[in-house]
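# Coordinates in review
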Amino acid sequence: MDDRRATPRTALPAAGARTASVDIYAPQWRNFIFVAPFLFFFTTLLLVPLFWGMWLSFHKADTFSSGNFVGFGNYIRLFHDKVFLQSVWNTFYFVLLTVPTLALIGLFLALCLNRRTRTAAVLRTLFFSSSVLSVTIVTLIWRIVFIPNVGLLSTIYGWFGATAPAFISDPSLAMIGIAIATVWWCIGLPMMLFLSALQQIPQDIYEAAALDNANRWQTLRSITLPSIKRTFVLVVIVQIVLQFQLFGQAWLMTRGGPNNLTKPIVLYIYDTAFRRWDLGMGAAASEVLFVLILMAAMAQYLVTRNKAGQA
Amino acid sequence: MKMKKVLFAAVSAGVLMLASPSLAATELTVQRFFGACDADFGTNTDVAKAVGECGIITSLINKFNADNPDVHVSVSTVEWPGYDQLTAQFASGEAPDIVTIHESALSDYQSKGLLMPLDDLLKSVGVTPDSFTDAARNGATKDGKIYGLPIDSWTMLYHINMDLFKQAGLVNADGTPILPTSPEELLAQAEQFKQKTGKPYFVQNLANETALYTRNLYTYLFQQNSDFFADPKHVKLNTPEAKKVVEMYKAIFDKDYTTKDLDYGGAINAFLAGGGGVQLNGTWVVGDNNAQSETKGTALNKGGYAVYPYPQLFAGAHAQYADGHTWAVSQKDRTPEQTAAIGKFLKFFADHDFDWSRTGHLPAYKAIIASDAFKALPHRNTIAAVADLGRPLPSAVQRQFAIQDIVGEEMSAAITGQKDVDAALADMESRVNELLANI
Amino acid sequence: MRAPTISIKGRAFGDRVLLALVILLSLVMVAPVLWVIGLSLKENAELMANPNSVFQAPYTLKNYINTIGTSSVFVWVRNSIIVSGGLTLGTLILSSLAGYGFARLNFPGRNVLFVIVLFGLAVPEQAVLVARHQIFSMLNFHNTYHGLILPGLSASFGVFLMTQYFKAIPKELDEAAMLDNASRFRTFWKVLLPLTVPAQATLGIFTFLGAWNDYLWPLISATKKDMYTLTVGMASTQTNFAQSEGIGFLMAQAVFAGAPILIVYLFFQKYIVTAVSGAAVR
């Protein structure tokens with residue numbers, strides 16, 4: 001590294017007639033070249049589709065023919081559609097099930113595994129490992145846990161002569177089943193975030209507490225938790241944004257059933273646009289999702305800004 | 001090290017794929033459902049040895065490739081029914097040449113000009129529509145033209161475990177099963193069955209299922225002469241007739257006369273393991289079930305296997321919901337060789353429809369239905385009647401698969417008690433009409 | 001990993017309770033995977049007759065042999081490597097250039113442009129899905145590698161991360177180089193870029209994992225079987241067990257599909273953990 005840092009000087013071109021009296025921070029058009037490649041992709045692949053989608057949401061269009069302008073027609077249909085409203089509720093319910101669980105179990109694991117033993121290291125590796133698997137493998141694994149007959153759960157219940165709860169098809173359990181698979185899949189990230197926050201806490205505070213004969217619970221409450229408050233908020237917001245985008249687990253485990261009780265907004269969009277060919281309405285639903293995520297992102301911005309202000 | 005090996009394996013597998021033989025043969029892409037079974041039948045060309053939908057179709061296409069060295073068909077197997085994917089493929093201009101489409105779904109694609117009319121092509125290879133059965137010809141004809149080569153007509157059936165029926169005392173003196181003739185009788189017999197065997201009368205795949213619910217409803221609406229699709233753009237499902245059917249199935253569910261949380265695969269396994277008396281499933285499992293009943297030690301081998309059309313429970317028409325599979329051809333610019341190759345493929349399937357009918361499906365050709373070879377197949381004496389009973393939805397009804405999802409979802413909500421029956425029927429009707437109004 | 005060095009009586013007991021809880025949770029993590037591996041080693045017919053047979057011999061490698069013989073899982077893995085690798089490389093290049101540009105250089109409209117890029121962070125992929133699919137259809141981009149890679153290149157996260165990182169590097173370093181009349185690109189390439197390796201690693205790992213696990217876009221874009229990525233390929237066989245080669249076969253396929261990324265994880269674990277923690281601190 002250090003060698004490289006020195007290279008430019010030695011490898012300088014032998015220009016030098018001009019002295020460097022130019023202000024290197026003056027705005028110059030050619031500097032734009034650095035950001036141009038990204039902005040090209042950003043504009044063509046994100047901004048254009050975003051505005052195209054808004055345009056589309058005001059049209060009655062299907063997959064094979066673009067149709068007429070219908071104004072807010074698609075939005076009106078959308079908010080009269082019980083299934084859409086159900087899917088919005090489902091998404092919030094799913095976030096409510098998973099985010100607190102992820103945050104609390106993640107924190108618990110981080111507190112337990114924040115030590116230098118070999119066992120702790122192995123367990124950390126283990127708890128994070130599921131996060132690298134793709135959603136299709138995760139759902140396959142959990143379907144094979146929940147499925148009647150050859151499922152792990154029904155086998156275990158079978159030993160006790162009981163019938164396993166139907167986590168895939170029971171109306172009141174299906175979303176919980178999806179949430180269990182999701183927590184299993186996603187627990188690694190919150191744990192790691194908490195672990196790194198715990199390691200930022202200066203050791204001497206703990207030493208002082210030990211001298212005061214504080215017990216473990218007091219140490220946790222008065223030192224550890226306050227120190228990681230900011231990380232906790234970060235974890236919660238990151239998870240809200242991530243879990244709000246639920247699609248794969250629901251589509252692959254339950255297809256959104258029974259009777260749309262596990263259909264999240266993204267699956268509603270997929271269903272409407274790509275299975276029912278109703279592109280305009282799919283685009284309208286996309287815009288609603290966009291606004292909801294934008295609000296979460298704003299919340300994140302406000303929270304982080306306030307914290308920075310306080311610090 | 002391990003990582004390198006995995007990479008190497010992945011790369012070499014890729015190279016092998018690229019190097020697969022393609023001589024100068026005309027390439028055709030075929031996309032189908034019916035499942036994947038390459039481990040068992042991937043290289044089999046002896047169709048007579050194959051059993052079941054997947055085995056027979058895989059072997060048939062293998063045989064076609066072997067018989068026609070100048071054509072090479074490469075097959076993609078998609079998950080049933082494969083329409084999400086097909087739609088996306090059409091949207092991106094990447095549709096396969098030949099694809100399996102239900103008669104009930106043909107008009108969705110045909111109405112958008114995505115399918116090729118086959119009349120001339122079929123004529124050029126000597127397949128004439130008059131050789132099709134009436135059901136198949138009607139199903140494959142849209143706007144007066146043939147848009148798919150029909151390969152079968154199918155319907156749902158009562159697949160019966162005779163051993164359990166004997167235990168339940170539901171067998172006539174001549175050894176045939178006693179089937180109900182009214183909703184009340186159905187519930188009484190199911191109760192008797194449960195008392196005597198301790199098992200549910202029905203084996204149904206109700207876990208996140210829509211197709212089975214919907215077909216059951218259509219069948220018993222037909223039997224009550226309810227013309228719910230009198231107008232193909234507007235459905236009437238919030239009717240006393242529909243309520244009767246839903247309440248019947250709700251009673252079956254509430255009184256534990258049926259398995260509840262099984263998915264499709266689970267229901268098949270449960271029936272084969274003797275988990276209930278009657279499996280509600282299609283013509284396509286007749287071959288598999290029959291093969292099981294001939295295998296020593298299986299639940300179906302104990303007392304035998306029988307299969308019947310849905311019993312007539314109402315006083316109206318003698319009818320039950322039916323549909324059919326076809327090979328459709330995507331609209332595309334093709335060389336004369338490619339078109340000729342497609343003709344050969346369709347002709348091959350028309351010629352081998354008997355092999356396909358061994359699955360349990362009804363043949364799509366009059367000559368085969370009338371043939372002794374077909375009549376000699378097991379159980380055809382009891383199920384041949386569905387050739388006359390089978391009735392599809394009116395062919396002008398679009399998005400039948402999307403409608404099936406809605407109807408099935410609401411029915412399941414009513415039957416499992418999530419929703420009141422009336423509310424579910426009202427929602428069912430308004431959701432279907434909303435869909436149809438916005439096509 | 002630092003542990004607080006406090007000693008309190010009764011600690012040992014409390015520790016044991018916590019350990020028991022953690023071990024219970026780790027069982028929940030491991031048991032499903034072991035179940036999958038167990039099923040993959042059994043004959044299908046035997047499984048159907050009695051799921052408890054997983055715990056008894058005979059075991060067989062038949063499912064694995066069948067997978068190698070007939071499954072396309074290796075093609076899917078290849079496609080996923082190409083797509084994830086391509087996207088990671090592209091993202092690193094674009095984000096580094098743009099990050100340097102936004103952090104260090106001035107040009108007309110810079111601040112406005114940066115705010116617009118930040119706004120991109122709040123646009124979820126799903127919100128532009130429908131329109132993007134339509135545009136790609138018109139361009140005939142579906143069922144191609146670039147069709148799978150390109151959408152990911154529009155993500156703002158990398159630019160945001162790299163801009164922050166470049167800003168954190170002391171300005172004196174590049175000012176010295178610039179005063180020596182080194183071109184801006186040389187300064188970027190020779191002086192600053194080598195310093196950003198840790199951020200590159202973070203970004204690279206996140207991008208690679210994200211692309212490897214992406215499901216929604218490949219599901220609607222890669223509709224031909226030779227273009228399936230691992231996620232789509234696995235999904236195409238799994239939802240209806242009855243129409244597949246059987247549970248044992250599917251499980252063996254899942255093992256083949258999951259193994260590469262798990263092995264990569266075990267090898268690069270330290271970097272991944274550092275990357276994740278790095279992202280947290282920022």
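Source: prediction; values computed, not measured.

A tally of regular secondary structure across chain B gives 22 helices and 13 strands. Computed over its C-alpha atoms, the radius of gyration of chain B comes to 23 Å, within 12% of the 22 Å expected for a compact globule of 439 residues. Counting the 439 residues in chain B, one finds 52% classified as buried. Sequence-distant contacts, at least 24 apart, represent 76% of the contacts inside chain B between residues at least 6 apart.

What follows concerns the overall build of chain A. Within chain A, the secondary structure is distributed over 15 helices and zero strands. The C-alpha radius of gyration computed for chain A amounts to 26 Å, which surpasses the reference 19 Å derived for 311 residues by more than 25%, pointing to a less compact arrangement than a globule. With the principal axes as the frame, chain A shows a C-alpha extent of 80 × 70 × 35 Å. Counting over 311 residues, chain A shows a buried share of 47%. Counting only contacts in chain A whose residues sit at least 6 apart along the sequence, the fraction spanning at least 24 positions is 69%.

Residue-level contacts link 91 residues of chain C with 92 residues of chain A. Here the side of chain C that touches chain A is composed, by residue class, of 65 nonpolar, 19 polar and seven charged.

Attention now moves to the domain arrangement of chain B. Residue and element names in this part refer to chain B. Along its sequence, chain B is organised into domain 1 (19-153 + 324-391) and domain 2 (155-322 + 398-437). Here the C-alpha centre of domain 2 lies 28 Å away from the C-alpha centre of domain 1. With 26 residues of domain 1 at the contact, the number on the domain 2 side is 24 residues. If you tally residues by element for the side of domain 1 that touches domain 2, the top one is helix 5 (residues 103-110), at four residues.

Residue and element names in this part refer to chain B. Neither face of strand 11 (residues 320-323) is left uncovered, since the one carrying Gln320 and Ala322 and the one carrying Tyr321 and Asp323 both have all their residues buried. Sheet analysis places strand 7 (residues 154-161) next to strand 11, joined by two bridges and oriented antiparallel. Bridged to Thr155 within strand 11 is Ala322. Looking at chain direction, strand 11 and strand 13 (residues 390-391) are connected through two bridges and run parallel.

Moving on: helix 13 (residues 286-293) of chain B. Burial in helix 13 of chain B covers these residues: Val286, Gly287, Asp288, Asn289 and Ser293 of chain B. Packing partners of the buried residues in helix 13 of chain B comprise helix 3 (52-67), strand 7, helix 14 (299-303) and strand 10 (305-309) of chain B.

Right, let's talk about the sheet that holds strand 1 (residues 26-32) of chain B for a bit. Residues and elements named next belong to chain B. Here we have five strands laid out as an open sheet, ordered 2-1-3-12-6, and mixed in their pairing. Each edge of the open sheet is held by one strand with a lone partner, namely strand 2 (71-77) and strand 6 (149-150). Pairing of strand 1 with strand 2, which is carried by seven bridges, proceeds in the parallel orientation. Bridging across to strand 2, Leu28 finds its partner in Val73. Sheet strands in contact with helix 15 (residues 336-351) are strand 1, strand 2, strand 3 (98-102), strand 6 and strand 12 (325-329), and its direction is about 50° off that of strand 1.

What follows covers the confidence of the model for chain A. Residue and element names in this part refer to chain A. Mean pLDDT over chain A works out to 86, with 90% of the residues at or above the 70 mark. By mean pLDDT, helix 1 (residues 2-10) is the weakest element of chain A at 39, and helix 8 (residues 174-186) is the strongest at 97. This stretch, residues 1-21, has a pLDDT under 50; its non-local contacts, to residues over four places away or in other chains, come to 20 contacts.

Here the residue pair Trp80 of chain B and Pro81 of chain B is connected by a cis peptide bond, since its omega of -10° sits within 30 degrees of zero. Following the sequence through the fold, Pro81 of chain B ends up in the loop between strand 2 and helix 4 (83-91). The omega angle of the peptide bond from Ala57 of chain C to Pro58 of chain C is 5°, so this bond is cis rather than trans. Its location among the elements puts Pro58 of chain C in the loop between helix 2 (44-49) and helix 3 (62-70). Even without being glycine, Phe34 of chain B reaches a positive phi, approximately 85°. When you line up the elements, Phe34 of chain B lands in the loop between strand 1 and helix 2 (38-41).

Attention shifts here to the nonpolar core. By size, the foremost hydrophobic cluster in this structure holds 297 residues, and its most contacted members are Phe194, Ile269 and Ala285 of chain A. In terms of residue count, the dominant contributor to this core is helix 4 (residues 73-104) of chain C (14 residues). Residues within four places of Ile269 of chain A in sequence aside, it is in contact with Gly282, Ala285, Ser286 and Leu289 of chain A together with Gln126, Leu129 and Val130 of chain C.

Here we take up the environment of Thr100 of chain B. You can see Thr100 of chain B is positioned in strand 3. The contact partners of Thr100 of chain B, leaving out residues within four places of it in the chain, are Arg32, Phe33, His325 and Trp327 of chain B.

Where the model shows low pLDDT, its predicted coordinates should not be examined in detail. All names here are of chain B. Of all residues in chain B, 95% have pLDDT values of 70 or greater, and the mean over the chain is 92. Low pLDDT (under 50) marks residues 19-23, which in the prediction has two contacts with non-local residues, meaning those over four places away or in another chain. As scored by the predictor, the complex reaches a pTM of 0.89 and an ipTM of 0.87.

A few words now on the pairing of strand 3 of chain B. Within a regular beta strand, the side chains point alternately toward one face of the sheet and then the other, so they alternate between its two faces. All names here are of chain B. The element strand 3 is largely enclosed, with a buried count of five among its five residues. Side chains Ile98, Thr100 and His102 project from strand 3 onto one buried face, and the interleaved Val99 and Ile101 project onto a second face that is buried too. The pairing of strand 1 with strand 3 spans two bridges and is parallel. By the bridge assignment, Gln31 is partnered in strand 3 with Val99. Relative to strand 12, strand 3 runs antiparallel, the two being bridged by five bridges. Each residue of the ladder has a partner; that of His102, found in strand 12, is His325.

Rules behind the numbers
Residues numbered from 1 in each chain as written. Chains lettered and ligands numbered in written order. Predicted model: local features only at pLDDT ≥ 70, side-chain atom pairs only at ≥ 80, totals over all residues. Helix = DSSP H or I, 4+ residues; strand = E, 2+ residues; numbered from the N terminus. Rg over C-alpha atoms; globule rule 2.2 N^0.38 Å. Buried ≥ 20, exposed ≤ 12 C-beta atoms within 10 Å, placed from the backbone. Contact = placed C-beta atoms within 7 Å. Nonpolar A, V, L, I, M, F, W, Y, C, P; charged D, E, K, R; others polar. Domains from an automatic or database assignment. Pairing = 2+ DSSP bridges. Axes fitted to C-alpha atoms, helices over the stretch in contact; angles between N-to-C directions. pLDDT = per-residue confidence, 0-100. Core = buried A, V, L, I, M, F, W, Y, C linked by C-beta atoms within 7 Å.

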